Every structure is written in C-alpha cells, then in structure tokens.
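Coordinate analysis (summary)
So you can see what is in the structure, the chains are spelled out below.
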Amino acid sequence: MILLTNRRAYSATNNFVSKLKVLSHVTTMGDWTGGGSEFPITSELPNGWSVRFPTSPILDVNKQHTEFGIAPDVEVSLDAAWEEKGRDALIEKALELILYPPPGS
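So, a few notes on the structure that sits alongside this text. (Residues numbered from 1 in each chain as written. Predicted model: local features only at pLDDT ≥ 70, side-chain atom pairs only at ≥ 80, totals over all residues. Heavy atoms only, no water.)

**Some details on the packing of aromatic side chains**
Basically, it comes down to this: Each pair of aromatic rings taken from Phe, Tyr and Trp, with Trp reduced to its six-membered ring, is defined by centres within 6.5 Å and is described as stacked if the planes are under 30 degrees apart, edge-to-face if over 60, and tilted in the remaining cases. Two limits define a charge over a ring: the Lys NZ or Arg CZ must be within 6 Å of the ring centre, and within 35 degrees of the ring normal.
Scanning the entire structure with this criterion turns up 0 aromatic pairs. The cationic tip of Arg-87 hangs over the ring face of Trp-82; the distance from NZ or CZ to the ring centre is 4.7 Å.

And the structure:
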C-alpha cells in the first residue's frame, strides 16, 4: 500500500499516517505531513494575540512527537513542468513503485 502524504495532512490525518507507517506493507510517499496533535486550545494573551497549542501530544511507536509532521518513506516533490503537461510526479512515482518494486520488497 502506498499512502500519499503532504503538508495538508494534519491533525487526525497526521495520527492516521503515524499508525499506518509502522506496517511493513505500507510505504508513505510525498512530503512531510502537516503535524498537529489532539485537543488544541486557543487562548488570548493580554496583548490581544491569539495562541493555539495542543493539550495532548501524540507520540509515534518510537515515542517521537508527531506535532511537527512525519517524514515520508519516499520523498517526492511536485514538479510544475510535469503539471503543465497534465502529469503528476507523485502519482507516477507511486505507480512506478507498485509496478516495479525494488528487489526484496
């Protein structure tokens, strides 16, 4: 299974990625997730600024915080030149991995 990720995957999606990433048959591909933990609180400071922070940090299986995102197994950047031609570098890399997996995988 290839799980596509990017910076717009945050909060519950970030948690979902951290759970699936540990499975041997799952490869995460794309960009880092956007991070985010559960139960955020928003508060206003005396100067009028707002601050938002998680009250319950989420840890992955290695006890690492996932607040600032999760790195993909295979990093793939979107390519504007490909996009102009109607092609998607991320989808094409995922298809390549499915059709031609590395030896021993």
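**Here's the deal with helix α3 (residues 89-99)**
Note the cut-off: Buried, partly exposed and exposed residues are distinguished by accessible area as a fraction of the type maximum, computed with a 1.4 Å probe on protein chains only: under 20%, between the cut-offs, and over 50%, respectively. Strands here are runs of E lasting at least two residues and helices are runs of H or I lasting at least four, both read from the DSSP assignment and numbered beginning at the N terminus. Taken from the helix axis, the directions to the C-beta atoms give the arc we talk about. It only takes one pair of heavy atoms within 4.5 Å for two residues to be counted as in contact. We call two N or O atoms a polar contact when they sit within 3.5 Å, provided that within protein one can donate a hydrogen and the other can accept it, with sequence-adjacent residues counted only if both atoms are side-chain atoms.
Among all positions in α3, only Ala-89, Leu-90 and Ala-94 are buried. Seen along its axis, α3 keeps its buried residues to an arc of 135°; they face one direction. In this structure, the buried residues of α3 make contact with β1 (2-5), β2 (27-30) and α2 (80-84). The backbone nitrogen of Leu-90 has a side-chain oxygen 2.8 Å away, supplied by the residue at the start of α3, namely Asp-88.

**Side note on the environment of Pro-57**
With respect to the element layout, Pro-57 can be found in the loop between β4 (50-56) and β5 (74-75). Taking the C-alpha atoms as reference, Pro-57 lies 8.5 Å from Gly-36; in sequence the two are 21 residues apart.

**A few points about unusual backbone geometry**
For residues besides glycine, phi is generally negative; the peptide bonds are generally trans as well. Located in the positive-phi region is Ser-11, a residue other than glycine, with phi close to 60°. Tracing the backbone through its elements, the reader meets Ser-11 in the loop between β1 and α1 (12-20). The exposure class assigned to Ser-11 is partly exposed, which follows from its relative accessible area of 33%. The backbone of Lys-63 sits at a positive phi, close to 60°, despite the residue not being glycine. Mapped onto the secondary structure, Lys-63 falls in the loop between β4 and β5. Overall, Lys-63 belongs to the exposed group, its relative accessible area being 65%.

**A word on the side chain of Thr-28**
By secondary structure assignment, the location of Thr-28 is in strand β2. Owing to a relative accessible area of 1%, Thr-28 belongs among the buried residues under this scheme. Contact partners of Thr-28, with chain neighbours within four places excluded, come to Leu-3, Thr-5, Val-17, Lys-21, Ala-71, Pro-72, Asp-73 and Val-74.

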